[in-house]
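The chain contents come next:
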Amino acid sequence: MSDRRVVITGLGSVTPFGVGVGRFRDSLFQGHSAASLITSFDTSRLPTRFAASVPLDEAALDSMVQNQKSLKTMSRAAKFAVIAADEAVKNSGLDGSEMDPYRLGVSIGTGGLGFWDVEHSNRMFELIVESLDGGNGLKLDSSKVWQNTLEKTNPLTPLKALPNMLAAHIAINTNARGNCQTIATACTSSAQAIGEAYRQIKAGVADVMISGGADSMIHPYGIVGFSALGVMSKNNGEFRTAARPFDRRRDGFMLGEGAAILVLEELERCKQRGGTVYGEVIGYASTCDAFRLTDEPPEAWGCVAAMKMALTDARLNPGSVDYINAHGTGTVMNDKTETFAIKSVFREKAPSLPVSSTKSMIGHLVAAAGAVEFAACVLAMTDQTLPPTINYESPDEACDLDYVPNQARKARLNVVLSNSFGFGGQNACLILRKAP
Amino acid sequence: MENLLSEEEIFAKLSVILQEALRIGTTKIRPEARVFDDLGAESLDLLDIRFRVDESFGVKTSDEDLIRSLGEGLTAEDIQEKLTVRSLVLYIQNCLQEKSQIL
């Protein structure tokens, strides 16, 4: 068994609370909601008209990207990723010029639907209208649409759709020439990206990994797609309090967007250079339900196994865990099943184990959710404070744990666990310990 | 009329395109500047620049014609060394002349 230990030495984020870890921390512990009505496109005929958007338009975001030329190939998610990575690397004090660049890697979780942002969606709409043939009663000749698309779309636009562009931009900016990987497993993407980065450092194939995730689906196809699947809250009338995981009146998740990037580093290397340690990654596991694409299997076998295997990896008993940052989407099924799974794993400890869903505040960041929530765990650990589940009003008998309702709470935190589950039956679990 | 543009006028329009495509200041854009080594372009940027030239000048550029305009027996790799702002201006001028002959 490897004795290499993996610590977190840098943190960066772009969340619905704004750019920077400082803003994230303050709002997280004050229990703020980032919910707002969607204004970037017309949602007036859609069932969900609110989300937790990053409060910056494209021009403001663009001004924060150092390599201005790279903006041409960047989706909104890529901008989030690069801005968060900049912050994380600066925060770590890491000097890339002092290390073997082939021992520095990048591991990112993302969705890869950046192509379909608001601008491109509007452009496609215009191209279709331009392709209507007035001579034959406004009939649509689809071959003309595709010809127009080719001739009138900037040739660099398709690069925004490649999921690995986020990691590639980060690698170029940091001269990271080691393993550069992208994981696209829906809502577990970035938890797995961090978990795999941890494994690579532990296994000795890398010394430092820049890892996390970014996503942005608050665009027409994202809202239409999740609406079609019926998984988002439609409580537009109460949109400020609609994201209410584990509450009896929950009716789906609030969509969020953003990024969190962490610098993971081998402990001895960090000690030698005098880096600051925010926490230690000590356990990780991922499993697949191998059952149905979106239904939970009987007895939640996939998420139960992920938590148990991560505890085994961390060489811990369930009794050692002090807090769980739940996947806690706010759908009827997830919260009930996750509660059941936590009770299965933690048994007699479960009633006294604090479990909260930060999605109540920042929404569901999809492929970025795992990384942002793991960053929330790091902040919980450093501040010895439990982030709350806000908008919690009416208990549900199927959800009967301590969800840290509505207000942050001081706690002694030595070990925390973060759950991420995703479509396709994906499950990932990360375990963090207080800095050694 | 686009086909009556002088070399200076083409340079002025191209300069705006290069500023936008390469996110660089106007002072760097001199006729002798090499588009790759001096102005920081990469292969993808050339696609972007050509797309913007086509839109702005109403022409249809191609990689093959551009390479041919730079000299005999050159390959795509030679573009990185040979392509200057001035050679791009001359190529655009040539495209405009061909267009006016067709019309």
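The structure presented is a predicted model; accordingly, all values stated were derived computationally and were not measured.

### A few points about the overall build of chain B
- Assigned secondary structure in chain B consists of five helices and zero strands.
- Counting from the amino terminus, chain B carries its helices and strands in the arrangement α-α-α-α-α.
- Against the globule reference of 13 Å for 103 residues, chain B gives a C-alpha radius of gyration of 13 Å, in line with a compact fold.
- Per-residue burial over chain B gives 28% buried out of 103 residues.
- Counted over contacts in chain B with a minimum sequence separation of 6, partners at least 24 positions apart contribute 61%.

### Quick look at the environment of Leu11(A)
All names here are of chain A.
- Positionally, Leu11 belongs in strand S1 (residues 6-15).
- Between the C-alpha atoms of Leu11 and Ser97, which are 86 residues apart in sequence, the distance is 20 Å.
- Once you skip the residues sitting within four places of it in the chain, Leu11 turns out to touch Val21, Ala88, Asn91, Leu262, Tyr278, Ala375 and Val378.

### Considering the environment of Thr312(A)
- Considering the arrangement of structural elements, one finds Thr312(A) in helix H10 (residues 301-313).
- Residues Thr312(A) and Phe41(A), spaced 271 residues apart in sequence, show a C-alpha to C-alpha distance of 47 Å.

### Section: the nonpolar core
- Ala81(A), Ala84(A), Ile170(A), Leu264(A), Ala310(A) and Leu430(A) are the most contacted members of the largest nonpolar core, which has 131 residues in total.
- If one sorts the elements of this core by residue count, helix H13 (residues 369-383) of chain A sits on top with eleven residues.
- With sequence-adjacent residues up to four places away left out, Ala81(A) is seen in contact with Ile108(A), Leu166(A), Ile170(A), Ala214(A), Ala259(A) and Ile261(A).
- Grouped together as the second largest cluster of nonpolar side chains are 23 residues, Leu14(B), Ile29(B), Val35(B) and Val85(B) included.

### What to know about helix H6 (residues 165-174) of chain A
All names here are of chain A.
- Of all the ten residues making up H6, seven are buried; the element is thus mostly covered by neighbouring parts of the structure.
- Residues of H6 that are buried include every one of Met165, Leu166, Ala167, His169, Ile170, Ala171 and Thr174, and no others.
- Residues of H6 that are buried sit in contact with helix H3 (76-92), strand S5 (104-110), strand S8 (180-183) and strand S9 (208-216).
- Following H6 by one or two positions, Asn175 has its phi on the positive side, about 55°.

### Notes on the packing of H3(A) against H6(A)
All names here are of chain A.
- For the pair H3 and H6, the least separation of the axes is 9 Å and the interaxial angle reads 35°. Remark: the crossing between H3 and H6 carries right-handed chirality. The segment H3 lies against H6, with Ala77, Ala78, Ala81, Val82, Ala85 and Val89 engaging Met165, Leu166, His169, Ile170, Asn173 and Thr174.
- Looking at the contact of H3 with H6 residue by residue, the class counts come to nine nonpolar, three polar and no charged.

### A few points about the packing of helix H7 (residues 189-202) of chain A against H13(A)
Residues and elements named next belong to chain A.
- Look at H7 against H13: their axes get within 5 Å of each other, and the N-to-C directions meet at 65°. Regarding the angle of H7 to H13, the classification is roughly perpendicular. Contacts between H7 and H13 involve Ser189, Ser190, Ala191 and Ile194 from the former and Ala369, Gly370, Ala371 and Phe374 from the latter.
- Within the contact of H7 with H13, the residues separate by chemical class into five nonpolar, three polar and no charged.

### Some details on the interface of chain A and chain B
- Taken together, the contact pairs six residues of chain A with seven residues of chain B.
- Among the residues making up the side of chain A that touches chain B, the classes are represented as two nonpolar, two polar and two charged.

### Some details on H13(A)
All names here are of chain A.
- Between the first and last C-alpha of H13 there are 21 Å, a value that for 15 residues agrees with the 21 Å anticipated at 1.5 Å per step.
- In terms of residue burial, H13 counts as a mostly covered element, since 13 of its 15 residues are buried.
- Where H13 ends, the next residue or the one after it, Gln384, has phi of about 50°, a positive value.

### Topic: unusual backbone geometry
Residue and element names in this part refer to chain A.
- In the Ramachandran plot, Ala290 falls in the positive-phi region, its phi being about 50° despite a non-glycine side chain.
- Considering the arrangement of structural elements, one finds Ala290 in the loop between strand S11 (279-288) and H10.
- Ala290 gets classed as exposed once you count the C-beta atoms within 10 Å, which come to 10.
- The phi dihedral of Val404 falls on the positive side, at around 50°, and the residue is not glycine.
- Within the fold, Val404 resides in the loop between strand S14 (385-386) and strand S15 (409-410).
- Its 24 C-beta neighbours within 10 Å are what place Val404 among the buried residues.

The rules behind these values
Residues numbered from 1 in each chain as written. Chains lettered and ligands numbered in written order. Predicted model: local features only at pLDDT ≥ 70, side-chain atom pairs only at ≥ 80, totals over all residues. Helix = DSSP H or I, 4+ residues; strand = E, 2+ residues; numbered from the N terminus. Rg over C-alpha atoms; globule rule 2.2 N^0.38 Å. Buried ≥ 20, exposed ≤ 12 C-beta atoms within 10 Å, placed from the backbone. Contact = placed C-beta atoms within 7 Å. Core = buried A, V, L, I, M, F, W, Y, C linked by C-beta atoms within 7 Å. Axes fitted to C-alpha atoms, helices over the stretch in contact; angles between N-to-C directions. Left-handed = near helix turned anticlockwise from the far one by under 90°. Nonpolar A, V, L, I, M, F, W, Y, C, P; charged D, E, K, R; others polar. Parallel < 35°, antiparallel > 145°, perpendicular 65-115°, else oblique. Expected span 1.5 Å × (residues − 1).

By themselves, these figures tell us nothing about what the structure is for.
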